[in-house]
Amino acid sequence: MLLESYLQDTWVTPTAADTTAVDVHDAVTGETVCRVSSQGLDLAAAFDHARAHGGPALRGLTFHQRADLLDALAAAVRARREELYALSARAGATLNDARYDIDGGIRVLRDYAARARTELPDTPHLIEGPAERLARGEDFLGVHLVTPSPGLMLQVNAFNFPVWAPLEKLAQAVLAGMPSVVKPATPTAYLTERLIRIVTDAGVLPPGALQLVVGSVRPALDLLGEQDVLSFTGSAATAATLRTHPNVVARSVRFNAEADSVNAIVLAPDVTPGSPLFDAFVREVVTEMTVKAGQKCTAIRRVLVPSEHEAAALDALAAELADVTIGNPATEGVRMGAVVSLAQRDDVRRAVRTIAASGRFVYGDPDKVRVVDADPERGAFLDTLLISADPEAAAPHEVEPFGPAATVLAYTDTAHATDLIARGRGSLAASLVGDDLAWTTAFIREAAPWHGRLHLLDSTNMAQTTGHGSPLPALRHGGPGRAGGGSEMAGTRGVVDLMQRTALQASPRILDLLRTTPTGPSVDSA
Ligand code: NAP
C-alpha cells in the first residue's frame, strides 16, 4: 500500500512510484507495512497553499484563539489514540513506549494551550516589556513588537517520535501563527500519516494550516524562503547537510536542529553501592537503555562511575538487565520490543562493536537475543548491551549506538569526570547522581556549558523525578555543539522565538493601539 500525503487539504497518492517507492517493514514480523514515495507530488503548490491560506488564517487569530485550536487537536488525538497505540506495536514499541510518544504528544498540546492563555495576550502579536523612553520628552518610545512570520514551518522529523515530535512542533507553529508542512522519517511514516488523518478528520485546523509530505523532501529545500523555518530532528550528519544547503544559506532560512548526542550520567563519589540512591542510579540507566529500545535522542549512552565503584556498578547494572523481558511488544510481560528496522539493528551492532573495541561486553551479545513470542531473525530485536570501555578511547564519546546500549567508563577524580563528559562535544542531557552539594555544584559549573539540560538526582528528589530522558514543555530542549545547537519547547519563549521581533520606535498612541486592539489595525482599515 502506497502511503498518501495530505497536500492542499486533500489526500494524494504519489505517481509513478513503482520504481522509487521504499518498502517499510513491520519491526516485529518483517511484513511490509506500506510503501513510501513523494514522486510526482506538487510540493511547490503545497508551499504556496500554506503561505496563501494557512498562514493568513492562523495570523488572523489571537494567541488565545490559537490555544483553543490546540485543545481541540488534543481532544481529537485522544479520542482515537488506541489506533496509534496499535500501529506503534508495528514499529517495535511496547504500550509503555507508545504512551510516551502519543500521550506525551497530547500533553504537549494541552500544556502549550494552557501556557499561551496565561503567558501571552489575547492579541495576534505581542509587545514585549515596558516601553523605553528614547528622547527627553514622553512622545518617542521604544518597544519590541513580536509578529507572526508570513512563512511556513517545514518539519523534517526523526523516526523515533512519530507522534510526539510533529505535535510538539505543530503546537509551537500554531501558536506562532505559522502553517506547517510535516515530513516524517520513512521507517515510521505510517504512524505520522495516521496522526494527520486523525487531525484532518476532526477538521479543527483552518485550510492550509497543516500538510503532510510522505517520502523525500530534498527538492523542497530549494522552495524555502526568508520567512520560513526549517525545523529538523535527526542525526548530526543530516543536520550538517541541511544547515549548509545553498538555498538555506542564501536566503537565511531559519534553521533549528535537534541532532543526536552521546548523553551521560555521572555517579558522584559519595554514592555508595547498595544505597537507595545507588539503586535509583541503576534503575535510571536501565530505564534509559530499554524505553523505546534505547531509541531516544536523550538516552544515556555513557555511564561515568568513580573507579572504586566500577565493579559494583557493572554487577548491579548487569543484574538489573537480566530481568528485562524482550520480545513481541504486544505480548503481556514484555518490557522491551524491537528497534525500528533491520537496518537500524545493523547500525547498532556496528556502533557497539566500534565502542567495545577498547573494552568488552559485560552484558548481552550483539548477535544473539532470546525473545518472547517473535522470531528473532525476522524482527529487529537486540539484547540489552552493556559495554565496559577505556575512558580514554575516542569511540565511547563519539559513537551513538541508537538502541538498547550503554557504556560504563571509570573516572579517577572530578577533573577527569568533567573532562570526559565534555568529550561528547555537546549533549542534550546529562544526569548527575549524588548528595554531596559541593561536588554537585562544582560539577554543574563545568558541565552546564556542554549541555542543554542537567538532571540532578539526589536522595531528596529520587522518588519524584520525571527521569533523565523526559524533556518537559516548560523547559528548553536542545543542546550545544554536536546536539545541533538548537532550541525547542521552552514554553511560550519557544513560540516567541519562531516569530519576528521588530524594534519599534514610535509615539505612545500607536503603542497603546497595538497593545489594546485585539486584531491590530488591518491594512484595509488604515
Ligand atoms: P536521519 O537519518 O538524520 O533522518 C532524519 C530525517 O531527515 C528523516 O525524516 C529523513 O528522511 C530526513 N533526511 C535525511 N536526509 C535528508 C536530506 N538530505 N534532505 C532532507 N531530508 C533528509 O535520522 P533518523 O535515523 O530518522 O533518526 C535517528 C537520529 O535522530 C538519532 O541519531 C537521534 O539521536 C536523532 N534524534 C534527535 C532528537 C533531538 O531532539 N535532538 C530527537 C530524536 C532523534 P528519510 O527518513 O525519508 O530519509
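This write-up is about the structure you can find in this document. Bear in mind that the values here come from a model prediction, so they are computed numbers and not experimental data.

Definitions and limits used
Residues numbered from 1 in each chain as written. Predicted model: local features only at pLDDT ≥ 70, side-chain atom pairs only at ≥ 80, totals over all residues. Heavy atoms only, no water. Near = heavy atom within 4 Å. Polar contact = N/O pair within 3.5 Å; in protein donor to acceptor, adjacent residues only side chain to side chain. Helix = DSSP H or I, 4+ residues; strand = E, 2+ residues; numbered from the N terminus. Nonpolar A, V, L, I, M, F, W, Y, C, P; charged D, E, K, R; others polar. Domains from an automatic or database assignment. Pairing = 2+ DSSP bridges. Axes fitted to C-alpha atoms, helices over the stretch in contact; angles between N-to-C directions. Buried < 20%, exposed > 50% of the residue type's maximum accessible area, 1.4 Å probe, protein only. Contact = heavy atoms within 4.5 Å.

So, on to the site of the ligand. The ligand sits among 24 residues. The nearest are N157, T186, S235, T238 and E400. Note that an oxygen atom of the ligand is positioned 3.4 Å from one of the backbone N or O atoms of G234. The contact in question runs from an oxygen atom of the ligand to an N or O atom on the side chain of H477, over 2.9 Å. Counting residues per element, the ones that place at least two in the shell around the ligand are β10 (229-233) and α7 (236-243). By residue class, the composition of the shell around the ligand is 11 nonpolar, 8 polar and 5 charged. Looking at which domains feed residues into the shell around the ligand, each of domain 1 (42-128 + 141-259 + 487-516) and domain 2 (263-476) gives three or more.

On to the sheet that holds strand β21 (residues 500-506), then. The strand order β5-β6-β21 describes an open sheet built from 3 strands, whose pairing is antiparallel. Single-partner strands in this sheet number two, and they are β5 (126-133) and β21. Across this sheet, the average inter-strand angle for adjacent strands is 20 degrees, counted without regard to direction. In this sheet, strand β6 (residues 141-147) lies alongside β5 in antiparallel orientation, the contact comprising 5 bridges. Residue L126 lies in a different strand from β6, and its bridge partner there is V146.

Turning to its location among the elements, Q344 is positioned in helix α11 (residues 342-356). Overall, the relative accessible area of 10% leaves Q344 in the buried class. When the C-alpha positions of Q344 and F402 are compared, they lie 7.9 Å apart, and in sequence the two are 58 residues distant. Leave out the neighbours within four places in its chain, and Q344 touches F159, Q295, V339 and F402.

What follows is about the sheet that holds strand β15 (residues 385-389). Strand pairing within a sheet occurs via backbone hydrogen bonds; the two strands may be parallel or antiparallel. Read from one edge of the open sheet, 7 strands run β14-β15-β16-β13-β12-β17-β18, paired in mixed fashion. Every interior strand has two partners, whereas the edge strands, β14 (359-363) and β18 (451-457), have only one. With strand direction ignored, the average angle separating the axes of adjacent strands in the sheet is 25 degrees. Pairing geometry for β15 and strand β16 (residues 405-411), over 4 bridges, is parallel. Opposite L386, over in β16, you have A406 as the bridge partner. Together, β12 (263-267), β13 (300-306), β15, β16, β17 (427-433) and β18 form the strand contacts of helix α9 (residues 276-290), whose direction differs from that of β13 by roughly 160 degrees. Those strands touched by α11 are β14, β15 and β16, and its axis lies near 120 degrees from that of β14.

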